[in-house]
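# Overview (structure and organization)
So you can see what is in the structure, the chains are spelled out below.
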Amino acid sequence: MTLRRILTVDNAADLAVLKRISTPVEGGVTDEHRALMDDMLETMYAAPGIGLAAVQVGVDQRIIVMDLGDRDVAPLSVNDDTAEGEAEIAQRNPRYFVNPEITWKSEELFTYEEGCLSVPEIFDAVERPARVKLRYLNYQGQPVEEEASGMYAVCIQHEMDHLEGVLFIDHLSRLKRDRAISKVKKAARAA
Ligand code: K2U
Ligand code: ZN
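What you are looking at is a predicted structure, and each value in this text was computed from that prediction instead of being measured. Once a new chain begins, its residue numbering starts again from 1 and follows that chain's sequence as written. Each chain takes a letter, starting from A, and each ligand takes a number, starting from 1, following the order in which they are written. Owing to the predicted nature of the model, reporting of local features is limited to residues with pLDDT of at least 70; listing and counting of side-chain atom pairs is limited to 80 or more, with chain, interface and lining totals taken over all residues. Heavy atoms from the whole structure form the basis of all side-chain values; hydrogens and water molecules are not counted.

## Details of the overall build of the protein
Note the following rule: Going along the chain from the N terminus, every DSSP run of H or I of four or more residues is numbered as a helix, and every run of E of two or more is numbered as a strand. Based on C-alpha atoms, the radius of gyration is set beside the globule rule, defined as 2.2 Å times the residue count to the power 0.38.
Each helix and strand counted, the protein has four helices and seven strands in total. Taken from the N to the C terminus, the helices and strands of the protein come in the order α-α-β-β-β-β-β-β-β-α-α. Here the C-alpha atoms of the protein give a radius of gyration of 16 Å, agreeing with the 16 Å that 2.2 N^0.38 yields for 191 residues. When its C-alpha atoms are laid out on the principal axes, the protein stretches across 45 × 35 × 30 Å.

## A look at the coordination of the zinc ion (ligand 2)
Where we set the bar: Atoms are scored as donors when they are N, O or S and lie within 2.8 Å of the metal, with 3.2 Å used for Na, K and Ca; no water is included, so coordination may look incomplete. Using a 1.4 Å probe on the protein chains alone, a residue whose accessible area is under 20% of its type maximum counts as buried, one over 50% counts as exposed, and one in between counts as partly exposed.
Taken together, the protein ligands of the zinc ion (ligand 2) are Cys-116 (SG), His-158 (NE2) and His-162 (NE2), with distances of 2.0 to 2.2 Å. Site description for the zinc ion (ligand 2): donor spacing in sequence, C-x41-H-x3-H. Of this pair, Cys-116 sits in the loop between β4 (109-114) and β5 (124-129) while His-158 sits in helix α3 (residues 150-163), placing them 42 residues apart in sequence. Overall, the relative accessible area of 8% leaves His-158 in the buried class.

## Notes on the nonpolar core
Rules: Here, nonpolar core means buried Ala, Val, Leu, Ile, Met, Phe, Trp, Tyr and Cys residues that are tied together by side-chain atoms lying within 4.5 Å of each other. Whether two residues touch is decided by their heavy atoms; if any such pair falls within 4.5 Å, the residues are in contact.
Of all hydrophobic cores here, the largest spans 37 residues; its most connected members are Val-9, Phe-97, Val-119, Leu-134, Tyr-152, Ile-156 and Ile-169. Contributing elements (two or more residues each) for this core: α1 (12-18), β2 (63-67), β6 (132-137), β7 (143-148), α3 and α4 (174-190). Per element, the largest residue contribution to this core is eight residues, and it comes from α3. When neighbours within four sequence positions are excluded, Leu-134 is seen to be in contact with Phe-97, Glu-101, Ile-102, Thr-103, Val-144, Glu-145, Glu-146, Ala-148, Tyr-152 and Ile-156. Counting 18 residues, the second largest nonpolar core, distinct from the first, contains Met-37, Met-44, Val-59 and Val-98.

## Considerations on the site of ligand 1
The test is simple: A molecule or strand has a residue near it when one of that residue's heavy atoms lies within 4 Å. Each polar contact in these results corresponds to two N or O atoms within 3.5 Å; when the atoms are within protein, one needs to be able to donate a hydrogen and the other to accept it, and residues that are neighboring in sequence are counted only if both atoms are side-chain atoms. For accessible areas, the Shrake-Rupley method is used with a probe of radius 1.4 Å. Any residue's cover is judged against the shown protein chains and nothing else. Side-chain classes are defined by residue name, with Ala, Val, Leu, Ile, Met, Phe, Trp, Tyr, Cys and Pro counting as nonpolar, Asp, Glu, Lys and Arg as charged, and the others, Gly among them, as polar.
In the neighbourhood of ligand 1, 18 residues make up the surrounding shell, with Gly-51, Gln-56, Leu-117, His-158 and Glu-159 lying closest. Within the side chain of Gln-56, an N or O atom sits 3.0 Å from an oxygen atom of ligand 1. Within the complex, 99% of the 480 Å² of free accessible area of ligand 1 lies under protein. Of the residues contributing to the shell around ligand 1, the split by class is seven nonpolar, eight polar and three charged.

## Observations concerning the pattern of salt bridges
Stated formally: We define a salt bridge as a side-chain nitrogen of Lys or Arg found within 4 Å of a carboxyl oxygen belonging to Asp or Glu.
Across all of its chains, the model carries 16 salt bridges by this definition. Glu-108 is the partner of Arg-131 in a salt bridge, and the nearest nitrogen-oxygen pair spans 3.8 Å. Linking Arg-131 in the loop between β5 and β6 with Glu-108 in the loop between β3 (94-105) and β4, this pair joins segments that are 23 residues apart in sequence. Residue Arg-131 is classed as partly exposed on the basis of its relative accessible area, which comes to 31%.

## What to know about the packing of aromatic side chains
For clarity, the threshold we go by: Aromatic rings from Phe, Tyr and Trp, with only the six-membered ring used for Trp, were paired whenever their centres fell within 6.5 Å, and each pair was classed as stacked if the ring planes differed by under 30 degrees, edge-to-face if by over 60, and tilted otherwise.
Under the definition given, this model contains three aromatic pairs. Between Phe-97 and Tyr-152, the ring centres sit 6.2 Å apart and the planes meet at 45 degrees, which makes this aromatic pair tilted. Here Tyr-152 lies in helix α3 and Phe-97 lies in strand β3, a separation of 55 residues in the sequence. Assigned by exposure class, Phe-97 and Tyr-152 land together as buried.

## Notes on the environment of Ser-149
Mapped onto the elements of the fold, Ser-149 is located in the loop between β7 and α3. Exposure remark for Ser-149: the relative accessible area of 43% places this residue in the partly exposed category. Setting aside chain neighbours within four positions, we find Ser-149 in contact with Ala-130 and Arg-131.

## Section: the sheet that holds β6
In plain terms, the rule: DSSP-based pairing: two strands are paired if at least 2 bridges between them are found. Lines fitted to C-alpha atoms define the axes, with helix axes restricted to the stretch in contact, and inter-axis angles between N-to-C directions lie between 0 and 180 degrees.
Here we have five strands laid out as an open sheet, ordered β1-β2-β3-β6-β7, and antiparallel in their pairing. With one partner strand each, in any of the chains shown, β1 (51-53) and β7 form the two edges of the open sheet. The mean angle between the axes of side-by-side strands here comes to 40 degrees, regardless of whether they run parallel or antiparallel. Strand direction decides the pairing type here: β6 and β7, joined by six bridges, are antiparallel. Bridging across to β7, Val-132 finds its partner in Ala-148. Contacts from helix α2 (residues 31-46) reach β1, β2 and β3, with the element oriented near 45 degrees to β2.

In structure tokens form, the structure reads like this:
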């Protein structure tokens, strides 16, 4: 298991990588992909976070890992105090997604205060479909189809955005986005 560096928007080279569209995994899920997912999961737990896309550790593959802990079943509240990145995991419930696709989105929308490990210390409200249907390959490379709601729906859409080179701040106004990037750069300089 190797902890990987998480790319952040204050670094111009990192931002260029984070804006790329990730490449689909070809030829099935291999031991190499599983080793990457193991590293991504440990990197996510150490951050701490509840989701991570491969591009966030500089790997150009359509792979996501997630662990919502006990949030997996808990109803979502807009003012969820965990939005401050307190991603303590009560019991581990890792999920792995290779070549994930969203096949259906609900008309119903939900607004949640999102954060991102690649945009440190920035949180803002993002509106997304409340429920989505997914199709993906799991850790063993088997096809899975399921519906996501609550925090699962918020997180998987946030991570799927990463595979398209989209950050949650791209859903905000241009002014808010630019201010967020400036704030992250200023914090990085001060660090
Ligand atoms: O950077 C990432 O992609 C990990 C994200 C995943 C996420 C973003 C918004 C809403 C849900 C999940 C987070 O930084 S992980 C930190 C976190 C922890 C608990 C609740 C929300 C965000
Ligand atoms: Zn993110």
